[in-house]
Amino acid sequence: MGYSIIRGGLGTRTVSAANRIEVSGKFLRLGEEKWYAKGFAYGPFAPNRDGEHLPERSQVVRDFAHIRELGGNSIRVYFPPPVWLLDLALDAGLHVFVDVPWEKHRCFFEDWDAQQRAVERVRATAAAVGDHPGLLAISVANEIPVDIVRFYGHVRVERFIDHLIQTVKSTAPDCLATYVNFPTTEFLTPSACDFHCFNVYVHDEAKFAAYLDRLQHIAGNKPLLLGEYGVDAIREGDIEQAEMLTRHLRQVFRHGLSGSYIFSYTDDWFTGGHQIEDWAFGVTHRDRTPKVAAGALQTEWTSNPARVRDDLPKVSVVVCSYNGAATLAECLTSLMHLEYPDYEVILVDDGSTDQTAEIAADFPQVLYHHQENRGLSVARNVGAELATGDVVAYTDDDCVAEEFWLLYLVQAMQDQGVEAIGGPNITPSSDGWVARCVAASPGNPSHVMLNDRFAEHVPGCNMAFRRETLLGLNGFDSQFRQAGDDVDMCWRLLDAGLNIGYAPGAMVWHHRRATVGAYSKQQKGYGRSEAMVHFKHPQRCGTFGRSTWKGIIYGDGAVGLPLRPQIIYHGQFGMGLFQTIYRHNHYGVWAVIMSLEWHFAALFFLLLATLFPPLAGLAVTMWLATGVLAVRSALQAPLPVSAPWWTRPLVAYLYILQPILRGWHRLTYLLRKRVLPSVPSPPRECRPEVKRISASVRDTYWESDTNLGREQLLRVMVEEARRHGWAGDYDNAWAPWDIKLVGDRWHDIICVTATEELGWPRRFTRARCQVKPTRFGRVVTVATLIWSLAAVVSGQLWAIALGGLACGLILVRLNRSRYYCLKAITRMAIHAGRLANLQGSGQSAAAEQHDEPATARQAAKI
């Protein structure tokens, strides 16, 4: 479709709609090229001869030519401009960002006519200029006052802003639309914006950079622009203005923004019915003579905006593939066109049986390595060993790297001084509708942030490490063949005291699973991997093996998370300049309603309904609640208006399916693999005294004449437990115990030690080992008791007999479990004491001093 531009006396010419700027993930594009906004605020000015708040046309032409000479490509105007301004901007190679003014400073919800005037003004602006190829976007409002937002509540205001944006879309479907926010209403987050835009005036560079990190998380997977930033030359001076604007631009591009608008092009500013005389934010004087800042902007704008460092190390990009031929060519093609000075690409073929080898042959620049199928972690380790770069970056064979991916990734790694870093992975709009439904459903890979800069986890499809650090940690754990390797590696990095960074501009496109079957298989694998991670990091896992994150989940993986409402700092009387959103990872009550445990509970009530039929209604009600929440989530899913009718029902189905599949495979793997290690019995003559404190507690006593005690015992116990492959929590600084070990399905084990000083160098050490019922054991036991009690109340003999049998079996199983857990940990403690050079305590003077006669001691069988 073309757009006709009228020229007085020159006839008409047609401009292709391909000249329009479009959203592409975290960035904007003009055709095939990435487009960064390098803009100025322009006006308003004193009325010209036609009564427009613009200069005369001849002056506009000169202004636009100068802006282009400075390297600018856009202007921002604060009112709907006449079409001739857009025509001149298009001729000059500029795009116009248009604000629509309306009565936003009033309590507009009290006046229906005011709301309608806002809607009509937005509609009229979209109709007049929305299809013009010289238009960048329409802002439906600029900085709604915070007291108005708080008075009505941010949700109601967000809905009205979204309505205004949809008005633009219904009038001019190809027109970009947004709302320009500011820090005082940071918590105002309308969902319909094509990109996020903030006016930010923060002169301190470190604080400015930190706030950009924050805004990137608010923007999520959408582009972020700064709508205004300026420095008053009267108060700061011309030199300082230039230096501050230079630092501003470098931080904008460093932090992966899509550009910014400098306030303003000229000191010529007319507002409130009079000319402003007491400020000088422009980079030119009123007569358009340039200031020092104009030359500084020209230098910054005419260079590569994404490259802000020259000391870039060589990078080895590793792609691991197993039967990924369907998307591999697209992935490798994108890696051949990266804007980075020194990098190599390594493809590790992990035993593929499809056309992977043939595709690799089409890319002679790629180092191709084929091996038998050994799993994802081994493949990644092989890639790191083959790498010759100082940094190893990983992406998946179903990803497409954006051209500045490595620049953003490595520059942020250097800026932040971290050993590992990651970036966003975004679903391409070219994916089919099933894949886009998958993206709108729970369970996708995502990053987890500890704060605005440092991460707890970055997904394996977009992560990089310093090669020396990666190999120093012995690489990825080979037991993770399909997933979980990235989680394990990130937690090991954190445990080693290292930081993981995040680069919001380092974007890759990540194709989601294209069928429900593929999505189901992925979630099953994630469930098993979570259980595997539990055995290695039990201190970081919660109920039934779920990963427990300290940080906040962002990206597609945050879709559908049943979080409680976020907390907002408003300041006293709502007058805080930065009214900050404090996110958290506390789940709401309805998180339980979607869980596997909820379905187990419903099944249990259905079973009890055989004794008390009305309980069947409770089970049905529970499942109805799950269905209602799934439908609610599907209705709120981030799908476009143009999505087919069946997409939201599919999303509702996936909301129900995902926690069941993932939870079931996590739980079953966890229960299967909860097996006590085989610990050999120590020689009888080397055994210390073991005292039975209770059925669940054993004490072991040690002596030392060489100042040895619990410190040495615990160190060796941890070494021995790890040598035997015994999963446990060995360094929980907040626990009242020293060591917690994973037992069997029914019991876990905790150990606590104490050392008594008997006069240097004599010391007496006690190690207390205790078994604790697991969550699984408690649930099964309570459920069995409830059934038995219900059977007695109902008086049905078959139910009573079944309950009695179940109680007997549970009792036997608990006793056997307790015996073998205590036996295993006691043997482990004895071996550790021997290796720590502690002496077993018998009828010693130390024992006599503590008034513990031998007759009171009961040796346990070990």
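Treat the numbers as computed from the prediction; the structure is a model and nothing was measured. (Residues numbered from 1 in each chain as written. Predicted model: local features only at pLDDT ≥ 70, side-chain atom pairs only at ≥ 80, totals over all residues. Heavy atoms only, no water.)

1. Considering the overall build of the protein
Reasoning step 1: Looking only at helices and strands, the protein has 25 helices and 37 strands in total.
Reasoning step 2: Here the protein holds 862 residues, and 57% of them are scored as buried.
Reasoning step 3: Counting contacts in the protein only where the partners sit at least 6 residues apart, residues at least 24 apart contribute 72% of the total.
Reasoning step 4: Split by element, the accessible area of the protein, about 36400 Å² in all, is 56% carbon and sulfur.
Reasoning step 5: For the protein, the distance from the average position of its 86 positive side-chain charges to the average position of its 90 negative side-chain charges is 10 Å. (Helix = DSSP H or I, 4+ residues; strand = E, 2+ residues; numbered from the N terminus. Buried < 20%, exposed > 50% of the residue type's maximum accessible area, 1.4 Å probe, protein only. Contact = heavy atoms within 4.5 Å. Areas by Shrake-Rupley, 256 points an atom, 1.4 Å probe, with all protein chains shown as cover. Lys, Arg positive; Asp, Glu negative; His and termini not counted. Charge placed at Lys NZ, Arg CZ, Asp CG, Glu CD.)

2. Focus: the side chain of Thr-266
Reasoning step 1: Here Thr-266 shows up in the loop between strand E13 (259–262) and strand E14 (270–271).
Reasoning step 2: By relative accessible area, which is 2% here, Thr-266 ends up buried.
Reasoning step 3: Within polar-contact distance, the side chain of Thr-266 engages the backbone nitrogen of Asp-268 at 3.2 Å.
Reasoning step 4: At 3.0 Å, the side chain of Thr-266 forms a polar contact with the backbone oxygen of His-285. (Polar contact = N/O pair within 3.5 Å; in protein donor to acceptor, adjacent residues only side chain to side chain.)

3. Some words on the pattern of salt bridges
Reasoning step 1: Taken as a whole and judged by the stated rule, the model has 44 salt bridges.
Reasoning step 2: For Arg-117, the salt bridge identified is with Asp-111, shortest N-O distance 3.8 Å.
Reasoning step 3: By relative accessible area, which is 37% here, Arg-117 ends up partly exposed.
Reasoning step 4: Across the pair Glu-530 and Arg-662 runs a salt bridge, and its minimum N-O distance is 3.0 Å. With Glu-530 in helix H17 (residues 516–536) and Arg-662 in helix H21 (residues 647–673), this pair connects stretches of sequence that are 132 residues apart.
Reasoning step 5: The structure contains a network of salt bridges with shared partners spanning Arg-29, Lys-34, Glu-402 and Glu-403. (Salt bridge = Lys/Arg side-chain N within 4 Å of Asp/Glu carboxyl O.)

4. Remarks on the packing of aromatic side chains
Reasoning step 1: The tally for this structure, following the rule as stated, stands at 34 aromatic pairs.
Reasoning step 2: Taken together, a centroid distance of 6.3 Å and an interplanar angle of 40° make the contact between Phe-108 and Tyr-152 tilted. Linking Phe-108 in the loop between strand E8 (95–99) and helix H3 (112–129) with Tyr-152 in helix H4 (residues 146–152), this pair joins segments that are 44 residues apart in sequence.
Reasoning step 3: Owing to a relative accessible area of 1%, Phe-108 belongs among the buried residues under this scheme. (Phe/Tyr/Trp six-rings, centres within 6.5 Å; stacked < 30°, edge-to-face > 60°.)

5. Topic: the confidence of the model for the protein
Reasoning step 1: Averaged over all residues, the pLDDT of the protein is 88; the fraction at 70 or higher stands at 91%.
Reasoning step 2: Overall, residues 1–16 carries pLDDT values under 50, and its contacts beyond four positions in sequence, including any with other chains, amount to 32 contacts.
Reasoning step 3: Low confidence marks residues 843–861, where pLDDT is under 50. Its contacts with residues over four positions away, or in another chain, come to 29 contacts. (pLDDT = per-residue confidence, 0-100.)

6. Some details on the sheet that holds E8
Reasoning step 1: With parallel pairing, the 8 strands of this closed barrel are ordered in space as E6-E7-E8-E9-E10-E11-E12-E13. If you compare each strand with its neighbour and ignore which way they point, the axes differ by 25° on average.
Reasoning step 2: Direction of pairing for strand E6 (residues 37–41) relative to strand E7 (residues 74–77): parallel, over a ladder of 3 bridges. Looking at the pairing, Ala-41 lines up with Arg-76 of E7.
Reasoning step 3: Strands strand E12 (224–229) and E13 of the sheet are contacted by helix H8 (residues 238–254), whose axis makes an angle of about 160° with E13. (Pairing = 2+ DSSP bridges. Axes fitted to C-alpha atoms, helices over the stretch in contact; angles between N-to-C directions.)

7. Regarding helix H22 (residues 710–723)
Reasoning step 1: Between its first and last C-alpha atoms H22 spans 20 Å; for 14 residues at 1.5 Å apiece the expected length is 20 Å, and the two agree.
Reasoning step 2: Residues of H22 that are buried include every one of Leu-713, Leu-714, Val-716, Met-717, Val-718, Glu-720 and Ala-721, and no others.
Reasoning step 3: Contacts made by the buried residues of H22 are with strand E32 (697–704), strand E34 (739–741), strand E35 (747–757), strand E36 (763–773) and helix H24 (797–835).
Reasoning step 4: Two residues or fewer after H22 comes Gly-725, characterised by a positive phi angle close to 70°. (Expected span 1.5 Å × (residues − 1).)

8. Topic: the environment of Val-129
Reasoning step 1: Residue position: Val-129 is located in helix H3.
Reasoning step 2: For Val-129, a relative accessible area of 2% gives the class buried.
Reasoning step 3: Considering only alpha carbons, one finds Val-129 and Thr-781, 652 residues apart in sequence, at a separation of 70 Å.
Reasoning step 4: Other than its neighbours up to four places away in sequence, Val-129 contacts Pro-81, Val-83, Leu-86 and Leu-135.

9. Some words on the state of the cysteines
What is meant by a disulfide is a covalent connection between two cysteines, made through their sulfur atoms.
Reasoning step 1: Counted according to the given criterion, the structure contains 0 disulfides.
Reasoning step 2: No disulfide involves Cys-331; its sulfur sits 6.7 Å from the nearest other cysteine sulfur, which is in Cys-399.
Reasoning step 3: By relative accessible area, which is 1% here, Cys-331 ends up buried. (Disulfide = S-S within 2.5 Å.)

10. Concerning the packing of H17 against H21
Reasoning step 1: The contact between H17 and H21 brings their axes to 8 Å, and the two run at 35°. Every pair of crossing elements has a handedness; the one defined by H17 and H21 is right-handed. (Left-handed = near helix turned anticlockwise from the far one by under 90°.)

11. A few points about the sheet that holds strand E4 (residues 27–30)
Reasoning step 1: The sheet built from 3 strands is open, its strands ordered E3-E4-E5 with antiparallel pairing. Each edge of the open sheet carries a strand with a single partner, namely strand E3 (21–24) and strand E5 (33–35). With strand direction ignored, the average angle separating the axes of adjacent strands in the sheet is 45°.
Reasoning step 2: Relative to E5, E4 runs antiparallel, the two being bridged by 3 bridges. Residue Leu-30 lies in a different strand from E5, and its bridge partner there is Glu-33.

12. What about the environment of Leu-54?
Reasoning step 1: Within the secondary structure layout, Leu-54 lies in the loop between E6 and helix H1 (57–69).
Reasoning step 2: Owing to a relative accessible area of 1%, Leu-54 belongs among the buried residues under this scheme.
Reasoning step 3: Separated by 104 residues in the primary sequence, Leu-54 and Glu-158 have C-alpha atoms spaced 32 Å apart.
Reasoning step 4: Excluding residues that lie within four positions of it along the chain, Leu-54 makes contacts with Tyr-42, Phe-45, Ala-46, Pro-47, Asn-48, Phe-79, Pro-82, Trp-84 and Leu-85.

13. Things to note about the nonpolar core
Reasoning step 1: Counting residues in each nonpolar core, the largest one holds 118 residues, and the members touching the most others are Ile-144, Leu-335 and Trp-405.
Reasoning step 2: Looking at which element gives the most residues to this core, the answer is helix H13 (residues 405–416), with 8 residues.
Reasoning step 3: Those residues in contact with Ile-144 that lie beyond four places of it in its chain are Trp-102, Lys-104, Phe-108, Val-149, Val-157, Ile-161, Tyr-179, Phe-182 and Thr-185.
Reasoning step 4: Among the nonpolar cores identified, the runner-up in size contains 29 residues, and Leu-713, Leu-714, Ile-749 and Ile-830 belong to it. (Core = buried A, V, L, I, M, F, W, Y, C linked by side-chain atoms within 4.5 Å.)

14. Section: unusual backbone geometry
Reasoning step 1: Phe-263 connects to Ser-264 through a cis peptide bond whose omega is 5°.
Reasoning step 2: Relative to the helices and strands, Ser-264 resides in the loop between E13 and E14.
Reasoning step 3: A cis amide bond links Trp-760 with the next residue in sequence, Pro-761, at an omega value of 5°.
Reasoning step 4: You can see Pro-761 is positioned in the loop between E35 and E36.
Reasoning step 5: Of note in this structure, Asn-837 is not a glycine but carries a positive phi near 65°.
Reasoning step 6: For Asn-837, the position within the fold is in the loop between H24 and strand E37 (839–840).

15. Observations regarding the pairing of E36
Reasoning step 1: Two elements, E32 and E36, share 8 bridges in a ladder whose sense is antiparallel. Residue pairing in the sheet places Asp-699 in a bridge with Arg-768 of E36.
Reasoning step 2: Note: E35 against E36, 11 bridges, orientation antiparallel. Note on E36: the bridge partner recorded for Cys-751 is Cys-769.
Reasoning step 3: Where E35 folds back onto E36 in an antiparallel hairpin, the turn is made up of 5 residues, including Gly-759, whose phi is positive at roughly 100°.

16. What to know about the pairing of E13
Reasoning step 1: Burial along E13 is two-sided: Gly-259 and Tyr-261 facing one way and Ser-260 and Ile-262 facing the other are all buried.
Reasoning step 2: Strand direction decides the pairing type here: E6 and E13, joined by 4 bridges, are parallel. Residue pairing across strands places Ala-37 opposite Gly-259, the latter belonging to E13.
Reasoning step 3: Bridge analysis of E12 against E13 gives 2 bridges, and the strand direction is parallel. Considered in E13, the bridge of Tyr-229 is made with Ile-262.

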